[in-house]
Amino acid sequence: MTPSPLISLEHDLTTLQTGAIAAIAAADTLDALEQLRVAYLGKKGQVSKVLGGMGQLPAEDRPRIGALANTVKTALQDALDNRKTALQSAQINAQLAAETLDVTMPGVYRPQGRIHPINSIIDQITDIFVGLGYTVASGPEVESDYYNFEALNFLPDHPARDMQDTLYLPNGDLMRTHTSNIQIRYMQNHEPPLRVLATGRCYRRDTVDATHAAVFHQIEFFAVDKGITFTDLRGTIRAFIDELFGEIPIRFRPSFFPFTEPSAEVDVEWQGRWLEVLGCGMIDPNVLKAVGYDPEVYTGFAAGLGVERLAMVQHEIDDIRRLYSSDLRFLNQF
Ligand code: DAH
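Predicted model, so just to flag it, every value in this text is computed and none were measured.

**A word on the overall build of the chain**
Here is step 1 of the chain: Tallying secondary structure elements over the chain gives 11 helices and 9 strands in all.
Here is step 2 of the chain: By the compact-globule yardstick of 20 Å for 334 residues, the chain is too spread out, its C-alpha radius of gyration being 45 Å.
Here is step 3 of the chain: Across its three principal directions, the C-alpha atoms of the chain cover 140 × 45 × 45 Å.
Here is step 4 of the chain: Pairs at least 24 apart in sequence give 64% of the contacts found in the chain among residues at least 6 apart.
Here is step 5 of the chain: As displayed, the chain has an accessible area near 18,800 Å², and 53% of this comes from carbon and sulfur atoms.
Here is step 6 of the chain: Charged side chains of the chain number 29 positive and 43 negative; the gap between the two group centres comes to 9 Å.

Here you go:
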């Protein structure tokens, strides 16, 4: 006996539902689940196919199948929705588990670079003078006798010019012995008023010991204008030392430099003793004349600082050679 079309359709639908529910429960990815949705509930899906057989049914049986079909569709849709939610939360949990951050794990150590104490003090001093309105300039390390000595009013037989003290090149040029060459080069190309700061390497034929290096750094600063006096120089130095070291006692000692008149050296009181930190003075009229300024109209002051000396004072360093040893155990302290 062949089953009636009604019974057979009902049977097909329930079988389909059982198979579909099992397949949905077994789907383990969202993609697989979507494929199942299309396969069962899509326009050309299995449910539609079974319902295609409705045409053979007598009209009075159709509502029954229609109702059953709706129940099956709803059941499948619910199963799909539940499975989708389950798969989505499983996916999120897996992701959370995989991306867990172990905050107790030791960090990755990255060695940190530091600014060398020489560069650091140059930066600090440059900042102070830029704050006072100074312009930053520079000049060559290989220099002619003219800029290093002659224009700075050194006499032809001045001992600094001696081969024992200055490093000469075969062509007669020399390694500059101070940054004062920048005074001449700058003033030659500019008209007063001017306030200039310049930093650079200097070279002397010195035997290296705890306080001497053959290569060292200087900072030069100078100002030229109408009516500049020694008081301006004093005030500038006071302001600069206050800024760098705090308000420590300083003293001016009379001194001599060929390129300044009068000249002085400045000492700071540091740990109970006087330490010389710079040379300075009023720019000698001969220097002003050498760059074409009229010394009857303009006056100026100049000063030169030993950078290594200041760094040694600032950090209580006992030997200048430590500054050049590139020993990280030393440099990492700063
Ligand atoms: N040039 C001098 C030296 O090397 C330092 C110096 C002294 C520079 C007095 C100046 C100055 O500008 O006025 O020892």
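**Regarding the pairing of strand E9 (residues 299-306)**
Here is step 1 of the chain: Burial of E9 is extensive: 6 of the 8 residues sit out of reach of the surface.
Here is step 2 of the chain: Judged from the 8 bridges that link them, strand E5 (residues 215-225) and E9 form a sheet pairing that is antiparallel. Its bridge partner lying in E9, Val-224 is registered against Gly-300.
Here is step 3 of the chain: The sheet contact formed by strand E8 (residues 273-283) and E9 spans 5 bridges and is antiparallel. Among the inter-strand pairings, Gly-281 is bridged to a residue of E9, identified as Ala-302.

**Brief notes about the environment of Gly-306**
Here is step 1 of the chain: Of note, Gly-306 is situated in strand E9.
Here is step 2 of the chain: When its relative accessible area of 24% is taken as the criterion, Gly-306 is described as partly exposed.
Here is step 3 of the chain: Between the alpha carbons of Gly-306 and Ile-219 there is a distance of 6.7 Å; along the sequence they are 87 residues apart.
Here is step 4 of the chain: Sequence-distant contacts of Gly-306, that is, excluding residues within four places in its chain, are made with His-217 and Val-277.

**Re the sheet that holds E5**
Here is step 1 of the chain: Judged by pairing direction, the sheet is mixed, and its 7 strands sit side by side in the order E1-E4-E5-E9-E8-E7-E6 without closing on themselves. Each edge of the open sheet carries a strand with a single partner, namely strand E1 (135-137) and strand E6 (250-257). Taken over all neighbouring pairs, the strand axes of this sheet differ in orientation by 25° on average, direction set aside.
Here is step 2 of the chain: By the bridge criterion, 7 bridges tie E6 to strand E7 (residues 260-270) in an arrangement that is antiparallel.

**Looking at the site of the ligand**
Here is step 1 of the chain: The ligand sits among 15 residues. The nearest are His-178, Arg-204, Gln-218, Glu-220 and Ala-302.
Here is step 2 of the chain: At 2.9 Å from an oxygen atom of the ligand is found a side-chain nitrogen or oxygen belonging to Gln-218.
Here is step 3 of the chain: Interatomic distance of 3.0 Å between a backbone N/O atom of Ala-302 and an oxygen atom of the ligand.
Here is step 4 of the chain: With the chains in place, 89% of the 350 Å² that the ligand exposes on its own is no longer accessible.
Here is step 5 of the chain: Of all the secondary structure elements, the ones that give two or more residues to the shell around the ligand are E5, E8 and E9.

**Topic: the nonpolar core**
Here is step 1 of the chain: Counting 44 residues, the largest nonpolar core has Ile-125, Phe-221, Ile-237, Phe-240, Ile-241, Leu-278 and Cys-280 as its most contacted members.
Here is step 2 of the chain: The contacts of Phe-240, once residues within four sequence positions are left out, are Ile-125, Ile-128, Phe-129, Leu-278 and Leu-305.

Criteria and thresholds
- Residues numbered from 1 in each chain as written.
- Predicted model: local features only at pLDDT ≥ 70, side-chain atom pairs only at ≥ 80, totals over all residues.
- Heavy atoms only, no water.
- Helix = DSSP H or I, 4+ residues; strand = E, 2+ residues; numbered from the N terminus.
- Rg over C-alpha atoms; globule rule 2.2 N^0.38 Å.
- Contact = heavy atoms within 4.5 Å.
- Areas by Shrake-Rupley, 256 points an atom, 1.4 Å probe, with all protein chains shown as cover.
- Lys, Arg positive; Asp, Glu negative; His and termini not counted.
- Charge placed at Lys NZ, Arg CZ, Asp CG, Glu CD.
- Buried < 20%, exposed > 50% of the residue type's maximum accessible area, 1.4 Å probe, protein only.
- Pairing = 2+ DSSP bridges.
- Axes fitted to C-alpha atoms, helices over the stretch in contact; angles between N-to-C directions.
- Near = heavy atom within 4 Å.
- Polar contact = N/O pair within 3.5 Å; in protein donor to acceptor, adjacent residues only side chain to side chain.
- Core = buried A, V, L, I, M, F, W, Y, C linked by side-chain atoms within 4.5 Å.

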